[in-house]
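Coordinate analysis (summary)
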Amino acid sequence: VNSTLTGPVATYLAQVKAELSDLPPGELADVLEDVTGHLSEVAAEFEAEPTAAALQDRLGTPSQYADELRTAAGYPPRTKAAKPERTGAEAALTWGVIASIVGPLFLIIALANGDAEAAFFGVIGLIFLAGAAFMGVRALQGRDPRIVLDTHRGQRLSENIRGLIDQIPPNVRHELVTIGQPVWWVARGIVGGGAIFAVSGASAVTVVGALAGAIVSVWIGRRTQEDRRWLWYVVPLNVVATIIVPLWLAYSFVGGSAGPFSNYRSTPSSTNYYSQNGLALDGTSISNVYPFDEQGRQVKVRLYDQDGKPISLPLQNCAVSTGTIGGNDSVSNVYPQAVVRTDEPTQTDADGNDITPCTETDKAPFVPPPAPATPTTGPPPGSSTTPQPTPTPTAKPSVPVASSKPTPTPPATTGKPGVTLTITPTR
Amino acid sequence: MDPSQLLKGVLDLAVLAVLRDADGYGYDVLRRLRAAGLEDVADASVYGTLRRLFAAGALTSYVQPSEEGPHRKYYGLNKTGLELLAQSTKTWNHFADTMSGLLLEEAAA
């Protein structure tokens, strides 16, 4: 019934209800039906929604109102002392704290991993969050949510928070509320809605989800201002958003574009080096380099850029794939790098060794153009007759490069993180 | 003398009297009492009185939808209520006559 009331009027009703909570449930429901009707009529006497103070001027305090009602209706004097109210507030606060810590913990584990197993954690986190929040609101028993501030812990908590707020200059505080709050509402909605629908994989769905999330988030924000009981749900969700929003921003900044990094390292020859993210040539990532000498023989070289920095790539050999070594330190600028064999796994290698569960090779997986001499390491059998469009190991570099003049290379547009490597022919 | 103190004793009768003409919901009863001259009546006590008379079996109650806002709970007199009104009216008249007589004697003396 009380769903038609909002703001201070609803709060007034809740407070009257709390004062009458000792009545038998049936009588309480009936009399509250009358009180609800009365309060909505009284609210209509005002031009705008009445404030709590205006309501008290008109009707007296909620407790005076309840006392008048009690006397006139001949109800027995209030039996329950203020004690259960306190424990209810205590419980409400405890559930709120649980909802704000345990729920977000699971949710963030889920969001950080993002696989199917993590989704399970996410569901647990959501159930925990919603369950604890529900218990917290139930513990209020319709009383004003502010009663939690009267408890011992509530007082300490609010003092601490007030202390923090006092450190912010008043004008900044005002800006934060008037500008920061709506921005925050929209941001958390976009991230929240986007994250939920990003699971589907389609970017269009994600955009719609983000928009819907923003709208829902703003609506919830406004609702919460009217009915503070929403705080039990909103605060835990805000905890999640406070952690996820910066992470998401950081991820989209670093992962979505190589711009900041490639530009930062930009040098006149526009040769960039960023070992973790690999090499790229004109937007295509390079996973290995197979140098050939002028006679077409595969050679082993070390690569350095114009500043003498090694041009390294992460190792892809057996030690890495079996986890013997790993991490970002396992990089090398010796080329060709050995890679795990994926072709013809049943064969023995060139030296006649037996196959092992993991074999590696540094042989070029392609056939270089015909050359006068036989490659020392030998190309795959039957390859010398089929020339293929590959870099010609002659004096003239045929690698499709940009000009020999230094040109700043635009960031890779493929969306893959990486650094653009433009090979400058300097011989 | 505080009229609101006097009112407490006769609020039942006032509410019954207002409902004799037509059924009414709480705020409507309140308005009719004010219109009749009982400006000092407290909102909550009228609602409480309605609840007590209803609990005593003197009133019927039914809900009616309204064009503006939520449904309204109407109260009306039933047979018991009418009897109570008649009896209370008698009591009041007797009391008022007694008081008036007392005051006249005082004035004459």
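For the structure itself, consult the block above.
Here we summarise the structure given alongside this text. (Residues numbered from 1 in each chain as written. Chains lettered and ligands numbered in written order. Predicted model: local features only at pLDDT ≥ 70, side-chain atom pairs only at ≥ 80, totals over all residues. Heavy atoms only, no water.)

1. A few points about the packing of aromatic side chains
Residue and element names in this part refer to chain A. In this structure the tally under the stated criterion is 11 aromatic pairs over all chains. Between the aromatic rings of Phe-120 and Phe-121, the centroid separation amounts to 6.4 Å while the plane-to-plane angle is 75°, which identifies the pairing as edge-to-face. Where Trp-219 meets Trp-230, the ring centres are 5.7 Å apart and the plane angle is 85°; that geometry is what we call edge-to-face. Residue Trp-219 is found in helix 9 (residues 203-226), and its partner Trp-230 is found in the loop between helix 9 and helix 10 (231-256); the two are separated by 11 residues along the sequence. (Phe/Tyr/Trp six-rings, centres within 6.5 Å; stacked < 30°, edge-to-face > 60°. Helix = DSSP H or I, 4+ residues; strand = E, 2+ residues; numbered from the N terminus.)

2. Some words on the sheet that holds strand 1 (residues 24-25) of chain B
The strand order 1-3-2 (chain B) describes an open sheet built from 3 strands, whose pairing is antiparallel. The open sheet terminates on both sides in strands that have one partner only, identified here as strand 1 and strand 2 (59-64) of chain B. Here 6 bridges tie strand 2 of chain B to strand 3 (residues 72-77) of chain B, and the two strands are oriented antiparallel to one another. Paired with B:Tyr62 across the strands is B:Tyr74, a residue of strand 3 of chain B. On top of the sheet, helix 2 (residues 25-45) of chain A reaches strand 1, strand 2 and strand 3 of chain B; it is set at about 110° to strand 3 of chain B, its chief contact. Strand contacts of helix 1 (residues 3-21) of chain B: strand 1, strand 2 and strand 3 of chain B, with the helix running at about 95° to strand 3 of chain B, the strand carrying the most contacts. (Pairing = 2+ DSSP bridges. Contact = heavy atoms within 4.5 Å. Axes fitted to C-alpha atoms, helices over the stretch in contact; angles between N-to-C directions.)

3. Some words on the side chain of A:Asn288
All names here are of chain A. Its location among the elements puts Asn-288 in the loop between strand 2 (284-286) and strand 3 (301-302). Within the local environment of Asn-288, its side chain forms a polar contact with the backbone oxygen of Gln-337, the two atoms lying 2.8 Å apart. Filtering out sequence-adjacent residues up to four positions away, Asn-288 remains in contact with Leu-313, Tyr-335, Pro-336, Gln-337 and Val-339. (Polar contact = N/O pair within 3.5 Å; in protein donor to acceptor, adjacent residues only side chain to side chain.)

4. Topic: the packing of helix 2 of chain A against helix 3 (residues 43-55) of chain B
Taken N-terminus to C-terminus, the directions of helix 2 of chain A and helix 3 of chain B make an angle of 145°; their axes are 11 Å apart at the nearest point. Helix-helix and strand crossings are classified by hand; for helix 2 of chain A and helix 3 of chain B the assignment is right-handed. Along its contact with helix 2 of chain A, which presents A:Glu27, A:Asp30, A:Val31, A:Asp34, A:His38 and A:Val42, the element helix 3 of chain B presents B:Asp43, B:Tyr47 and B:Arg51. Partitioning the contact of helix 2 of chain A with helix 3 of chain B into residue classes produces 3 nonpolar, 1 polar and 5 charged. (Left-handed = near helix turned anticlockwise from the far one by under 90°. Nonpolar A, V, L, I, M, F, W, Y, C, P; charged D, E, K, R; others polar.)

Interpretation in functional terms is not warranted from these geometric data alone.
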